[in-house]
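Residues per chain are reported as follows:
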Amino acid sequence: MINQIIKANDDLFLIRRITNEYYERFASLWNETSINHKTFKKDGRMYFCELIEEAQIIENNINQKQEEND
């Protein structure tokens, strides 16, 4: 499994597959399967990637309720 990350336009992408440029014809298909999919081409290689979404801070209601009950 590939565990590399690409940074592009302040976004981070997890590389799912690296191929040679002959697979460029599959780039549009990959991109259409999800809004989080993106392909990059560099130095004769194709990088099939998935956007790493920003983490969201979720307020922990359980801890607040426990504090209220104490």
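Note: the structure precedes this text.
Below is a short write-up of the structure. Given the structure is predicted, the values throughout are model-derived calculations rather than measurements. (Residues numbered from 1 in each chain as written. Predicted model: local features only at pLDDT ≥ 70, side-chain atom pairs only at ≥ 80, totals over all residues. Heavy atoms only, no water.)

1. Some details on the nonpolar core
The criterion, for reference: Only buried Ala, Val, Leu, Ile, Met, Phe, Trp, Tyr and Cys residues count toward a nonpolar core, and they belong to the same one when joined by side-chain atoms within 4.5 Å. Summary of the burial criterion: residues with accessible area below 20% of their type's maximum are buried, those above 50% are exposed, and those between are partly exposed, where the area comes from a 1.4 Å probe applied to protein chains only. Helix and strand labels come from DSSP, where a helix needs a run of H or I of at least four residues and a strand needs a run of E of at least two; each type is numbered from the N terminus. Contact criterion: two residues are considered in contact whenever any of their non-hydrogen atoms come within 4.5 Å of each other.
Ranked by size, the top nonpolar core spans 7 residues in total: I6, A8, F13, I15, F40, Y47 and C49. Broken down by secondary-structure element, the contributors of at least two residues to this core are β1 (5-8), β2 (11-20) and β4 (45-52). With sequence-adjacent residues up to four places away left out, Y47 is seen in contact with I6, I15, R17, I18, K38, T39, F40 and K42.

2. Description of the pattern of salt bridges
Rules: When a carboxyl oxygen of Asp or Glu is within 4 Å of a side-chain nitrogen of Lys or Arg, the pair counts as a salt bridge.
The tally for this structure, following the rule as stated, stands at 2 salt bridges. Of the charged contacts in the structure, one is a salt bridge between R16 and E50, with a shortest N-O distance of 3.1 Å. Placement of R16 in strand β2 and of E50 in strand β4 is noted, with a sequence separation of 34 residues between them. Taking the shortest distance from any N to any O, the salt bridge between K41 and E21 comes out at 3.8 Å. Here K41 is found in strand β3 (residues 37-42), whereas its partner E21 is found in the loop between β2 and α1 (27-32), with 20 residues between them in sequence. Overall, E21 belongs to the partly exposed group, its relative accessible area being 35%.

3. What about the sheet that holds β3?
Condition: Note on pairing: two strands pair once DSSP finds at least 2 bridges between them. Axes here refer to lines fitted to C-alpha atoms; in helices the fit is confined to the stretch in contact. Angles between the N-to-C directions go from 0 to 180 degrees.
The strand order β1-β2-β4-β3 describes an open sheet built from 4 strands, whose pairing is antiparallel. One side of each edge strand has no neighbouring strand; the edge strands of this open sheet are β1 and β3. Here the average twist between neighbouring strands, direction ignored, is 40 degrees. The pairing of β1 with β2 spans 4 bridges and is antiparallel. Across the sheet, the residue bridging to K7 is L12, located in β2.

4. Brief notes about the packing of aromatic side chains
Rules: In this analysis, rings of Phe, Tyr and Trp, with Trp reduced to its six-membered ring, are considered paired at centre separations within 6.5 Å, and the interplanar angle assigns stacked below 30 degrees, edge-to-face beyond 60, and tilted for intermediate values.
Applying the stated criterion to the full structure yields 2 aromatic pairs. The interplanar angle of 70 degrees and the centroid separation of 5.2 Å between the aromatic rings of F13 and F40 together place this pair among those described as edge-to-face. Highlighted residues: F13 in strand β2 and F40 in strand β3, separated in sequence by 27 residues.

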